[in-house]
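# Architecture at a glance
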Amino acid sequence: MKNQYQKLQNLSTDQKNVSSKISTQSNLLKLIVVLCILFFMFGLFTGNIWSFYQKSFSFNLQFTQFAATNSSPTATPLQPPPSSPLEILPPHHDQHNQVMLMPGNNNTAGADNSTASRIGLSEYIKPPQNLMHDMKDEELLWRASMVPKIEEFPYKVTPKVAFMFLTRGGVILGPLWDKFFNGVDTNLYSVYVHSNPSNNETIIPPENSVFNGRTIPSKEVQWGSFNMIEAERRLLANALLDLSNQRFILLSEACIPLYNFSTVYSYVVNSTKTFIESYDLPGGVGRGRYSPRMRPQISLHQWRKGSQWFEMDRELATEIVSDRTYFPLFGKFCKSSCYGDEHYIPTFLNINKEFAYRNSYRTLTWVDWAKGGPHPTKFTRTDVTVELLQRLRYNNGTQCEYNGEKTDICHLFARKFIPNTLDRLLRFAPKFMGFN
């Protein structure tokens, strides 16, 4: 009995020992888990501090390098913006010797960093110095069709007259026109030449000629064809790029001036009317050229005929280069015996009553149709006399209307003069017409 009790006592002691060992192992395991968690948190905290230190070190290094670079003795310190606005130069001011400041332009000698990246109104309104460009016709017409909604100019404007020459080759009577423009302020006029591209490199005006460098990107033109109208619109579009051009005159290489520049300039700039011939002509060379396929946009009673040699204002010129209604119709249906240059603008003018009301319905270019036929009279060398020039200037005594009053001056130009008339024109015209 005593032995059994002793065994039970020993067994109880063993169980207590086992329980004690299990409890000790459990506590040890918990301690290990807590230490692992603490170690993980310590590592995470240390990693974040190290990462922040690395970024701070990199930023300080870059900042130090940047500051060292800008503190170099060759660097130009940044300047504050000007306290006063930039001076706006009017378009008629002579800016040939000025530097055009454009963003990113590093070739602006003498310009400091505060203005090299700035452009003012004078740069935006400055007319193109080089007439040659890579714009397609549709791009050019789009650019030329832009019109400011605010009519008042924020700067002084001196109106310019655009003399646009539509030629087969060069301007054969160029020396006479050079005398016409000689001594005239270049802020009063612009010259544009549309010539057959094959002649652009073979016929080069002298460096001192007003025609030097004034040829626009041109395409081949056949007289009497639809591309004649395209060439006229191309001339107008290029001239419209100069915001100072307010009046536009179409001439040919066979045209001569009948008066000096001051008379011509005053006549067109002060006129309240445009000068476009437009009339209704029954018969085969008038209404007979109309195509019924142009209906309903153009009807027979709207069809008109007139001389292609026009003078117009800026508003009408903008409408013509923007036209996408009547111009395509002429391209489709005015072909063969229908000469678009004699009908497009006269008909366009008649349809648009706003412009018809402001038109004088006559041309400023004198042409002799007395002999009849499809072409006007050509003047040769022996025809050129003081008496002829006098007759052309005063239209054989016939008067016309100008700004609501009668006048003896009805034509400012005349054609058709062939090349061999140049020497006699140079002999008589400058003195007789009061050039210079």
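Since the structure is predicted, the reported quantities are computational estimates derived from the model, not experimental observations.

The rules behind the values
Residues numbered from 1 in each chain as written. Predicted model: local features only at pLDDT ≥ 70, side-chain atom pairs only at ≥ 80, totals over all residues. Heavy atoms only, no water. Buried < 20%, exposed > 50% of the residue type's maximum accessible area, 1.4 Å probe, protein only. Helix = DSSP H or I, 4+ residues; strand = E, 2+ residues; numbered from the N terminus. Contact = heavy atoms within 4.5 Å. Disulfide = S-S within 2.5 Å. Expected span 1.5 Å × (residues − 1). Pairing = 2+ DSSP bridges. Right-handed = clockwise from strand over helix to strand, strands pointing away. Phe/Tyr/Trp six-rings, centres within 6.5 Å; stacked < 30°, edge-to-face > 60°. Axes fitted to C-alpha atoms, helices over the stretch in contact; angles between N-to-C directions. Parallel < 35°, antiparallel > 145°, perpendicular 65-115°, else oblique. Left-handed = near helix turned anticlockwise from the far one by under 90°. Nonpolar A, V, L, I, M, F, W, Y, C, P; charged D, E, K, R; others polar. pLDDT = per-residue confidence, 0-100.

## Concerning helix H8 (residues 314-322)
Taken together, the buried positions of H8 are Arg 314, Leu 316, Ala 317, Thr 318, Ile 320 and Val 321. Buried residues in H8 make contact with helix H4 (137-144), helix H6 (227-240), strand S3 (245-252), strand S5 (311-313), helix H10 (344-351) and helix H11 (353-357).

## Brief notes about the state of the cysteines
Applying the stated criterion across every chain yields a total of two disulfides. One disulfide in the model links Cys 334 with Cys 338; its S-S distance is 2.0 Å. Here the S-S torsion is close to -85°, and the disulfide linking Cys 334 with Cys 338 is therefore left-handed. Judged on exposure class, the residue Cys 334 and its partner Cys 338 are both buried. The residue that forms a disulfide with Cys 400 is Cys 410, at a sulfur-sulfur distance of 2.2 Å. Sign of the S-S torsion, about -115° for the bond between Cys 400 and Cys 410, identifies this disulfide as left-handed. Taken together, the residues span a long stretch of sequence, with Cys 400 in strand S7 (residues 400-402) and Cys 410 in the loop between strand S8 (405-407) and strand S9 (413-414) at a distance of ten residues. You can call Cys 400 buried: its relative accessible area is 9%. Overall, the relative accessible area of 3% leaves Cys 410 in the buried class. Disulfide partners in the chain, listed by the sequence order of the bonded cysteines, are 1-2, 3-4.

## Digging into H6
Between its terminal C-alpha atoms H6 stretches 20 Å, which fits the 20 Å expected from 14 residues at 1.5 Å a residue. Across the 14 residues that make up H6, a large majority, 13, are buried.

## Some words on the pairing of strand S2 (residues 189-194)
Counting buried residues in S2 gives six out of six residues, a clear majority hidden from the surface. A two-sided burial pattern is seen for S2, the buried positions comprising Tyr 189, Val 191 and Val 193 on one face and Ser 190, Tyr 192 and His 194 on the other. Alignment of strand S1 (residues 160-166) against S2, held across six bridges, turns out to be parallel. Residue pairing across strands places Phe 165 opposite Val 193, the latter belonging to S2. Note that the unit made of S1, helix H5 (residues 174-181) and S2 has a crossover that is right-handed.

## Considerations on unusual backbone geometry
The amide bond that connects Arg 295 to the next residue, Pro 296, takes the cis arrangement and shows omega of 5°. With respect to the helices and strands, Pro 296 occurs in the loop between helix H7 (261-269) and S5. Each neighbour pair has its own omega, and for Arg 415 with Lys 416 the value is 15°, a cis peptide bond. Residue placement: Lys 416 occurs in the loop between S9 and helix H13 (422-433). Not every positive phi belongs to a glycine, and Tyr 361 is a case in point at roughly 60°. Of note in this structure, Asn 403 is not a glycine but carries a positive phi near 50°. Turning to its location among the elements, Asn 403 is positioned in the loop between S7 and S8. A relative accessible area of 34% places Asn 403 in the partly exposed class.

## Concerning the packing of aromatic side chains
If you walk through the whole model with that rule in mind, you get 29 aromatic pairs. Ring geometry for Phe 226 and Phe 327: centres 5.0 Å apart, planes at 35°, overall tilted. Taken together, the residues Phe 226 in the loop between S2 and H6 and Phe 327 in helix H9 (residues 326-333) connect sequence positions 101 residues apart. Considered together, Phe 226 and Phe 327 belong to a single accessibility category, that of buried residues.

## Here's the deal with the sheet that holds S3
Whether parallel or antiparallel, the strands of a sheet pair through hydrogen bonds between backbone atoms. Taken in spatial order, the four strands make up an open sheet running S2-S1-S3-S5, and their pairing is mixed. In this open sheet, the two edge strands, each paired with only one partner strand, are S2 and S5. Looking at each pair of strands side by side, their axes are set apart by 20° on average, direction ignored. In the packing of H8 onto the sheet, contacts are made with S3 and S5, and the angle to S5 comes to roughly 95°.

## Here we look at the packing of helix H12 (residues 386-394) against H13
Close contact between H12 and H13 brings their axes to 10 Å; oriented N to C, the two are set at 50°. Accordingly, the angle class assigned to the pair H12 and H13 is oblique. Of the two possible hands of crossing, H12 and H13 adopt the one that is right-handed. On the side of H12, the interface is formed by Val 386, Leu 389, Gln 390 and Arg 393, while H13 contributes Leu 425, Phe 428, Ala 429, Phe 432 and Met 433. Its residues assigned to classes, the contact of H12 with H13 comprises seven nonpolar, one polar and one charged.

## Some thoughts on the confidence of the model for the chain
Averaged over every residue, the pLDDT of the chain is 81; the share at 70 or more is 74%. Mean pLDDT values for the elements of the chain range from 54 in helix H2 (residues 113-116) up to 98 in S5. Note that pLDDT drops below 50 for residues 55-111; the model gives that stretch 45 contacts with residues more than four away or on any other chain.

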